[in-house]
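This is what each chain is made of:
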Amino acid sequence: TLIGGTYDIFDQKTTDADGTPLGAKTGLFTNHGTIRPGDKDMEIYGILGTPQFVSDGTFGIELADQSTALKIAVSGMSAIIDGSSVAPLDGRSYKRGAKYTFLTGDKGISGAFAQKAGDSFTDFLTISELDHDDASAWLVLDLDESAAETDAEKAVLGAIASSDSEYSNSLLSLSGGAGKAAIAGIAENPAADAAVLTMRSDRIGKAVRARSGWLNDLEPLEPRKAHYWYKADKDWSRFDSGAIKGSGYSFTLGADWQTGRNWTVGILGQYGHDSWGLGGASWNRHKVKDWRFGVFAVNKTGQDELTLHAAIGRQTHENEKTVAYGTQGGQQTQSRYHSATQELGLRFSRDLTPNKTWHHKPFAVLQLTRYQQNASRESGAGVPLHSDSFTKLYSAGTVGWTMERAMKDGTFGFTLGYKRIFSGDDPAVWTRLNGTTRGWNSRARKFDRNLLVASAQGEWVLGKSWTANFGLELEQGRHDRNLAAKAAFCLSW
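About the cut-offs
Residues numbered from 1 in each chain as written. Predicted model: local features only at pLDDT ≥ 70, side-chain atom pairs only at ≥ 80, totals over all residues. Heavy atoms only, no water. Helix = DSSP H or I, 4+ residues; strand = E, 2+ residues; numbered from the N terminus. Buried < 20%, exposed > 50% of the residue type's maximum accessible area, 1.4 Å probe, protein only. Contact = heavy atoms within 4.5 Å. Areas by Shrake-Rupley, 256 points an atom, 1.4 Å probe, with all protein chains shown as cover. Lys, Arg positive; Asp, Glu negative; His and termini not counted. Charge placed at Lys NZ, Arg CZ, Asp CG, Glu CD. Pairing = 2+ DSSP bridges. Axes fitted to C-alpha atoms, helices over the stretch in contact; angles between N-to-C directions. Phe/Tyr/Trp six-rings, centres within 6.5 Å; stacked < 30°, edge-to-face > 60°. Lys NZ or Arg CZ within 6 Å of the ring centre and 35° of its normal. Salt bridge = Lys/Arg side-chain N within 4 Å of Asp/Glu carboxyl O.

## Comments concerning the overall build of the protein chain
1) Next: Along its length, the protein chain carries five helices and 35 strands.
2) Next: Among the 493 residues that make up the protein chain, the fraction classed as buried is 50%.
3) Next: Taking the intrachain contacts of the protein chain between residues at least 6 apart in sequence as the baseline, contacts between residues at least 24 apart amount to 67%.
4) Next: When the accessible surface of the protein chain is summed, it comes to about 22,500 Å², and 54% of that surface belongs to carbon and sulfur atoms.
5) Next: Averaging the coordinates of the 54 positive side-chain charges in the protein chain and doing the same for the 56 negative ones gives two points 13 Å apart.

## A word on the sheet that holds strand S26 (residues 376-377)
1) Next: Strand order in the open sheet formed by four strands is S26-S28-S31-S32, with antiparallel pairing between adjacent strands. Lying at the two open borders of the sheet, with one neighbouring strand each, are S26 and strand S32 (439-443).
2) Next: Note that S26 and strand S28 (residues 385-387) share two bridges and pair antiparallel. Within the sheet, the bridge partner assigned to Arg377 lies in S28 and is His386.
3) Next: Where helix H1 (residues 151-161) meets the sheet, its contacts fall on strand S31 (428-433) and S32, and the angle it forms with S32 comes to roughly 140 degrees.

## Some words on the packing of aromatic side chains
1) Next: For the structure on display, the rule yields 18 aromatic pairs.
2) Next: With a centroid separation of 6.0 Å and 90 degrees between ring planes, the pair formed by Phe470 and Phe489 is classed as edge-to-face. Residue Phe470 is located in strand S34 (residues 466-476), and its partner Phe489 is located in strand S35 (residues 481-492); the two are separated by 19 residues in the primary sequence.
3) Next: On the accessibility criterion, Phe489 (30% relative accessible area) is partly exposed.
4) Next: One aromatic cluster is present, built from ring pairs that chain together Tyr7, Phe29, Phe53, Phe59, Phe102 and Phe113.
5) Next: Across from the ring centre of Trp138, 4.3 Å away, lies the NZ or CZ of Lys99, which sits over that ring.

## Digging into the pattern of salt bridges
1) Next: Taken as a whole, this structure holds 22 salt bridges when the rule is applied.
2) Next: Notably, a salt bridge pairs Arg350 with Asp304, separated by 2.6 Å at the nearest N-O pair. Here Arg350, found in strand S24 (residues 330-350), pairs with Asp304, found in strand S23 (residues 304-324); they are 46 residues apart in sequence, far enough to count as distant.
3) Next: A relative accessible area of 24% means that Asp304 is categorised as partly exposed.

## Brief notes about unusual backbone geometry
1) Next: For Asp240, which is not glycine, the phi dihedral falls at a positive 50 degrees.
2) Next: Backbone geometry places Ser241, a non-glycine residue, at a positive phi of 55 degrees.
3) Next: Mapped onto the fold, Ser241 is located in the loop between strand S19 (226-239) and strand S20 (244-258).
4) Next: For Ser241, a relative accessible area of 46% puts it in the partly exposed group.

## Section: the pairing of strand S29 (residues 390-407)
1) Next: Bridging between strand S25 (residues 358-373) and S29 involves 16 bridges; their strand directions are antiparallel. Looking across to S29, one finds that Lys361 is bridged to Thr402.
2) Next: Relative to strand S30 (residues 410-423), S29 is paired through 13 bridges, and the arrangement is antiparallel. Opposite Ala406, over in S30, you have Thr411 as the bridge partner.
3) Next: Adjacent in sequence and paired antiparallel, S29 and S30 are bridged by two residues, among which Asp409 carries a positive phi angle near 65 degrees.

## Side note on the sheet that holds strand S7 (residues 42-48)
1) Next: The strand order across the open sheet formed by six strands is S2-S7-S12-S15-S18-S17, and the pairing between neighbours is mixed. Looking along the sheet, the strands with just one partner apiece sit at the ends: strand S2 (6-10) and strand S17 (125-132). Across this sheet, the average inter-strand angle for adjacent strands is 20 degrees, counted without regard to direction.
2) Next: In this structure, S2 lies alongside S7, joined through five bridges in parallel fashion. In the sheet register, Thr6 faces S7, and the bridge partner there is Glu43.

In structure tokens form, the structure reads like this:
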């Protein structure tokens, strides 16, 4: 690439060291690569004889402003441009409909360009006119609406094209796939994925089920004797083969009382915090602060155990979205919104070997969660999105087998099971650009519906009134994985 400058071209016969003419013609300015102006017009002068400007390469379209191109000015010789083409330059903001005169010549311009009307110039701009007369060559551009493929991309492209701002024109001027990637990133809405991640959380159910396990292994509770307990969890998760990665933690405080020979009832409160990185056409850093409150009941009759719980929750979502514009920077937007959950849970198990060293307990679990997400609006530089509110019912079930063994001052056990997501993991969020009515459905990506569930846990008596419980839990699908470590402490009096 030759950038800018002033050049004098001489046409003369060359000689060897003795002055003998060699007969080779000089005075040719030949472009087989790319030439473009620098920060001002590029000047090429023919000085002696009959020099020529010959190009079958590329003219880079440099701009003086959005509507005017800097020129390659050829003087004193003819310009032959047969087979030449034009190309955009990174970081420029080309304007649709502007006539860019990029080449002038005072001795005539001849030849045909290799490109024609309808050929692509950038990802979203097409050549409307590329021609010349004896004195100049020019380029006119138009929008290529067919370059957008999905409904979301078409809506975003239409909104951007409706503006004649420098920012909009700079987006339309991206090339080499950067423009299409930017449009896809702008159209991407992580709200549906965040909803699935929130609905899949079963921390309340796990806390209740863990507490139920302790009740079975401790001495029988005395009437009106209270138990207060604390449970902490740490999670590490990956979904969609690593496109979503994150971690989180939760703290649960609970209290329960025996209300009859077979029933124990309790209350609990929980705070959870999750942080996710969601990759795709855009990069999203999503944080969820999750507050939940619930009630539960445990019934143990003979070899059978039934656990029930109900809980309500409120979540605060904070998302930071980054869209890259190739090598030309990008945009960053933020959003903050709320959601609410109402959940019901049930677990039933039966001890098949009550008088044996090892207790074999098949079990079944059902989880129902009603999820309501408020409308949200992105803010910040770029092209922000608006998401409508929606409601979704999530349901999942687990069947499996637990083996437990009592030891001196404690117990330990293992669980293996199969979890199936029945519904609710495929929400669609109606999305549109702020200030527009044209929109599209942003659907959640595909999450695994079939999961292997495995865990190991143990409990130890720490003192007259204290017990501690530790464990690891794994949910593994074909593309998704969630690993959790838990620690809990129980005080009774």
